Amino acid sequence: MEASKKFKTVEEYFDTFPKETVEVLESLRNTIKKAAPQADELISYNMPAFRQKGMLVYYAAWKTHIGLYPASVNLQIFDKDLEGYERTKGTIKFPFDKPLPLDLISKIVKYRVEENEEKSRLKKQK
């Protein structure tokens with residue numbers, strides 16, 4: 001990926017990667033779209049992202065992995081599911097040498113949708 005390039009679209013972002021990487025990115029993108037069909041897709045922080053009543057997730061391709069960045073999610077609830085994946089507080093790394101855990105990614109995205117819906121409901125009650 002060209003570090004200095006500012007992307008305007010997800011397609012522009014994808015175009016900077018080899019075909020094999022794009023296939024993985026497309027698979028991830030489609031999984032997120034299915035899990036959050038009303039979410040808007042955009043580029044944020046120069047990477048693909050989805051937003052629905054707030055940011056849901058960002059993702060990016062790196063040399064050895066796909067990074068998934070669930071915005072403000074409490075990842076501890078997924079501890080058991082995420083065993084074996086390198087992660088930090090807000091990042092999950094899915095290595096290219098393993099298939100993407102699409103069911104798990106879908107579960108995380110659906111959790112984020114619910115989290116944002118709940119925040120939105122609470123705001124309206126105030």
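Everything quoted here is computed from the prediction, not taken from an experiment.

Analysis parameters
Residues numbered from 1 in each chain as written. Predicted model: local features only at pLDDT ≥ 70, side-chain atom pairs only at ≥ 80, totals over all residues. Heavy atoms only, no water. Helix = DSSP H or I, 4+ residues; strand = E, 2+ residues; numbered from the N terminus. Rg over C-alpha atoms; globule rule 2.2 N^0.38 Å. Buried < 20%, exposed > 50% of the residue type's maximum accessible area, 1.4 Å probe, protein only. Contact = heavy atoms within 4.5 Å. Areas by Shrake-Rupley, 256 points an atom, 1.4 Å probe, with all protein chains shown as cover. Lys, Arg positive; Asp, Glu negative; His and termini not counted. Charge placed at Lys NZ, Arg CZ, Asp CG, Glu CD. Salt bridge = Lys/Arg side-chain N within 4 Å of Asp/Glu carboxyl O. Expected span 1.5 Å × (residues − 1). Phe/Tyr/Trp six-rings, centres within 6.5 Å; stacked < 30°, edge-to-face > 60°. Lys NZ or Arg CZ within 6 Å of the ring centre and 35° of its normal. Pairing = 2+ DSSP bridges.

Topic: the overall build of the protein
Broken down by element type, the protein carries three helices and six strands. Along its sequence from the N terminus, the protein presents helices and strands in the succession α-α-β-β-β-β-β-β-α. Taken against the 2.2 N^0.38 rule, which gives 14 Å for 126 residues, the C-alpha radius of gyration of the protein at 15 Å falls within 12% of a compact globule. The dimensions of the protein, computed from C-alpha atoms along their principal axes, are 45 × 35 × 25 Å. Here the protein holds 126 residues, and 46% of them are scored as buried. Contacts in the protein between residues at least 24 apart in sequence constitute 48% of all its contacts with a sequence separation of at least 6. Accessible surface for the protein amounts to roughly 7600 Å². Of this, 52% is attributable to carbon and sulfur atoms. Side chains of the protein give 23 positive and 19 negative charges; the mean places of these two sets differ by 6 Å.

Describing the pattern of salt bridges
Overall, the coordinates contain twelve salt bridges when judged by the stated rule. Across the pair R29 and E11 runs a salt bridge whose closest N-O atoms are separated by 2.8 Å. Taken together, the positions of R29 in helix α2 (residues 19–35) and E11 in helix α1 (residues 10–14) put the pair 18 residues apart, joining distant regions of the chain. For E11, a relative accessible area of 41% puts it in the partly exposed group.

Considerations on α2
Note that an α-helix has 3.6 residues per turn; residues three or four places apart therefore point the same way. Taking 1.5 Å per residue as the helical rise, α2 with its 17 residues ought to reach 24 Å, and the 24 Å between its terminal C-alpha atoms agrees with that figure. In this structure, the buried residues of α2 make contact with α1, β1 (40–44), β2 (47–51), β3 (55–61), β4 (65–70) and α3 (102–125).

Topic: the packing of aromatic side chains
Considering all chains together, one arrives at six aromatic pairs under this definition. Judged by centre distance (5.0 Å) and plane angle (75°), the ring pair of Y85 and F94 falls under edge-to-face. As far as the burial class goes, Y85 and F94 line up, both buried. What links up through ring pairs into an aromatic cluster is the set F7, Y13, F14 and F17. When the ring centre of Y85 is taken as origin, the NZ or CZ atom of K98, which lies over that ring, is 5.3 Å away.

Examining the pairing of strand β6 (residues 91–95)
Judged from the four bridges that link them, β4 and β6 form a sheet pairing that is antiparallel. Looking at β6, one finds that G67 is bridged to K93. Inspection of the sheet shows strand β5 (residues 86–88) paired to β6 by three bridges, in the antiparallel sense. Each bridged residue has a counterpart across the sheet, and for T88 the counterpart in β6 is T91. The loop that links β5 with its antiparallel partner β6 comprises two residues.

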